[in-house]
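Remarks on the overall topology
Here are the chains, one letter per residue:
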Amino acid sequence: MRKRKIITDLRQFIDILRAEDELLVIEDEVDPYLEIAEIHRRVISRGGPALFFNNVRGSVFPVATNLFGSGKRMDLAFGARPRRFVTELVRNLENLDFSPARLWQMRGVARSAMKLGLRKVKKAPILDNCQIPPRLGELPLLTSWETDGGAFVTLPLVYTEHPETGGHNLGMYRVQRYDDETTGIHWQIHKGGGFHYHVAEARNESLPMSLFIGGPPALIMAAIAPLPENIPELILASLLQGEKLEMAPDLHGGHPLVARVEFAVKGEVAPHMRRPEGPFGDHFGYNSLRHDYPVFKAHRLYHRNNAIYPATVVGRPRQEDYYIGDFLQELLSPLFPLVMKGVSQLKTFGDTGFHSLAAARVENRYPREAFAAGMRILGEGQLSLTKFLILTDGSIDVADFPVLWRHVLERADFTRDLFVFSHVSQDTLDYTGPAVNKGSKGILLGLGREARRELRDEFNGSLPSECSRVKAFLPGTLVVNGPAWEDGDGFPARLAAHAGLGDWPVVFLVDDVAAATAGLPEFMWTMFTRFEPAADIYGAGSECRRFHLSLEAPIVFDCRMKSWYPHALEVDAATRRKVDERIGRLVPQIG
């Protein structure tokens, strides 16, 4: 069996994609303003290859996109070795035994562990060129949607260090270019880089920041991975890469440089300085709106000779981040039972933007132990941003949503198994709550071996006159067209109380049944990105028992668009026409 080659930079990975016929090189001139993004979206929607745009208007640097937009390309980047290492490591931690026989069995893990970490080098490709002052306008940053507030770095690797402890964070926080020397930095309240800035600002200090672009696939994945706080991302990068990560000193001082990235921008983020950032079409499929965020002042720009600019495009699922998220969940899943006792399987659903919906298979050995497992999940790092969490102790694959949903609806007692927690933090990018970063969470339990109800899959009842269409999409689940949302219209409550619904346990109220039920991804996106638990769940009856709001089925989820929601992302007509005219020549296999 041929030994797998270590991939230490972006161009090695691109060479592998080219050799595997997974890369399309486009020589025609293309525009980083809207055109590249729309070509990318069309290619990924057809399961097409990675793209290498060799002639980008306004820049000497080529652009590579869709590098990770398929399961095959993720496998080419990483293979099975990282998952085997994590699985074996967890097995050894769970069964600590220092007998000679056991230590001999652990020798593979020990050899792999010796490859983790950083290695200092004096010479590095990233030092090939240095601009002082930097000219960020020469980089081919993409504008992906007509409604975007400008051009953004969409695969930014943002490195900071804690002002007091020195611990590092490498995160993917979007960066909007303002001019040649300044950008916005979208540090959300729940992310490591934002914590570092909060500490620096409290000390009235600027926070040094390094923006890396490109580098080995391992570095990109490590920046995205939802690691627990204080777990160093650069160590994960070395694990994924299979050898120590090379770091080079910056001759001008400050943070060391990752030796084989394509670009590195060095600078600082001043305290108490804000500037409007956004809008930006994000991975939930909507515009995240303009808000004030810190400002990054760039001092110098390094880049390799013949540097390649990698980018991605986010928007309504499924995009490239869907495949990245699935890979990271599979990689880290062996750790879940170790760090969250009682959790045997966990899935966040990319079709909902990940944070909108999660599900877990948990232990329920004593009454309501499953609830304790749910609290552990909601208290763990980025999982704390989960808006709706489904829990079961059934022997099912919770990643299979139709199977999960049916199993839970057959068992849920909505008078005691549905929990809503209001007045809590919510994902910055989720606008279903009453204000930015504020909202609620829901937990639904479906426990036990025996079902409490049979689920119908055909509707023969009646609906209120305001409802124009109904469809039974999954067993026990109706999707109903209702009137457009109006504040205080009371319609969801009237719908829940309507006797014609019979014994259907769940009803989703939407604006367009046909669009919402076009397929499972469309169903999940529409339902779980358009309601807030504390504001949009109704029951046929309700009663407060022991400080718990008990609802009687049917349960109505109001998933209509509300007046304050950002618009769903749509390609503008001019860009659509432009790409329509060129796509057959640029990408013949999908044209």
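These remarks concern the structure in this document. Here the structure is a predicted model, which means the values were calculated and not measured.

Bringing the overall build of the protein into the picture now. Summing up its helical and strand segments, the protein has 18 helices and 28 strands in all. For 591 residues, the compact-globule formula gives about 25 Å, and the C-alpha radius of gyration of the protein, at 25 Å, lands near that figure. Taken over the C-alpha atoms alone, the protein extends approximately 75 × 70 × 55 Å along its principal axes. Taking all contacts inside the protein whose residues are at least 6 apart in sequence as the whole, residues at least 24 apart take part in 73%. Of the roughly 24900 Å² of accessible surface on the protein, a fraction of 51% belongs to carbon and sulfur atoms.

Two side chains carrying opposite charge are able to pair once their charged atoms lie near each other. Scanning all chains against the criterion turns up 40 salt bridges. Arg42 serves as the salt-bridge partner of Asp580, at 2.7 Å between the closest nitrogen and oxygen. With a gap of 538 residues between them, Asp580 in helix α18 (residues 573–586) and Arg42 in helix α2 (residues 35–45) connect regions that are remote in the sequence. The exposure class assigned to Arg42 is buried, which follows from its relative accessible area of 18%. Note that Glu330 is salt-bridged to Arg83, the shortest N-O span being 3.8 Å. Note that Glu330 is positioned in helix α10 (residues 320–332) and Arg83 in helix α4 (residues 81–94), a separation of 247 residues in sequence. On the accessibility criterion, Glu330 (47% relative accessible area) is partly exposed.

A word on the packing of aromatic side chains. One pass over the structure, following the stated rule, counts 29 aromatic pairs. With a centroid separation of 4.7 Å and 20° between ring planes, the pair formed by Phe78 and Phe327 is classed as stacked. Separated by 249 residues along the polypeptide, Phe78 in helix α3 (residues 71–78) and Phe327 in helix α10 bring together distant segments of the chain. As far as burial versus exposure is concerned, Phe78 and Phe327 are alike and both buried. An angle of 45° between the planes, with centres 4.9 Å apart, marks the rings of Phe371 and Phe419 as tilted. Here Phe371, found in helix α12 (residues 369–378), pairs with Phe419, found in strand β22 (residues 418–425); they are 48 residues apart in sequence, far enough to count as distant. Overall, Phe419 belongs to the buried group, its relative accessible area being 15%. Lying over the aromatic face of Tyr178, Arg275 brings its terminal NZ or CZ to 3.9 Å of the ring centre. The ring of Phe531 has Lys387 sitting right over it, with the charged end atom 5.4 Å from the ring centre.

Along the chain, Thr160 turns up in strand β7 (residues 156–161). Separated by 2.9 Å, the side chains of Thr160 and His196 make a polar contact. Beyond its immediate sequence surroundings of up to four residues, Thr160 is in contact with Gly167, His168, Asn169, Trp187, Gly193, His196, Leu207, Pro208, Met209 and His255.

The five strands lie next to each other as β19-β20-β21-β23-β22, forming an open sheet whose pairing is mixed. The outermost strands of the open sheet, each flanked by one partner alone, are β19 (343–349) and β22. Taken pair by pair, the neighbouring strands of this sheet meet at an average axis angle of 20°, ignoring direction. Two strands pair when backbone bridges link them, and strand β20 (residues 354–362) and strand β21 (residues 388–392) are joined in this way by five bridges, in the parallel orientation. When the bridges of β21 are listed, Ala358 appears paired with Leu389. In this fold helix α13 (residues 401–411) packs onto β19, β20, β21 and β23 (438–446), with an angle of close to 75° to the strand it touches most, β21.

Taken as a whole and judged by the stated rule, the model has zero disulfides. Distance from the sulfur of Cys467, which forms no disulfide, to the nearest cysteine sulfur (Cys559) is 14 Å.

Leu67, Phe68, Phe212, Leu219, Met221 and Ile377 are the most contacted members of the largest nonpolar core, which has 72 residues in total. Counting residues per element, this core draws most heavily on helix α8 (residues 217–224), at six residues. Aside from chain neighbours lying at most four places away, what touches Phe212 is Leu155, Pro156, Leu157, Tyr159, Leu170, Pro256, Leu257, Val258, Val261, Phe263 and Ala264. Counting residues in each nonpolar core, the second largest holds 44 residues, with Ile26, Leu141, Leu211 and Phe263 among its members.

Conventions we followed
- Residues numbered from 1 in each chain as written.
- Predicted model: local features only at pLDDT ≥ 70, side-chain atom pairs only at ≥ 80, totals over all residues.
- Heavy atoms only, no water.
- Helix = DSSP H or I, 4+ residues; strand = E, 2+ residues; numbered from the N terminus.
- Rg over C-alpha atoms; globule rule 2.2 N^0.38 Å.
- Contact = heavy atoms within 4.5 Å.
- Areas by Shrake-Rupley, 256 points an atom, 1.4 Å probe, with all protein chains shown as cover.
- Salt bridge = Lys/Arg side-chain N within 4 Å of Asp/Glu carboxyl O.
- Buried < 20%, exposed > 50% of the residue type's maximum accessible area, 1.4 Å probe, protein only.
- Phe/Tyr/Trp six-rings, centres within 6.5 Å; stacked < 30°, edge-to-face > 60°.
- Lys NZ or Arg CZ within 6 Å of the ring centre and 35° of its normal.
- Polar contact = N/O pair within 3.5 Å; in protein donor to acceptor, adjacent residues only side chain to side chain.
- Pairing = 2+ DSSP bridges.
- Axes fitted to C-alpha atoms, helices over the stretch in contact; angles between N-to-C directions.
- Disulfide = S-S within 2.5 Å.
- Core = buried A, V, L, I, M, F, W, Y, C linked by side-chain atoms within 4.5 Å.

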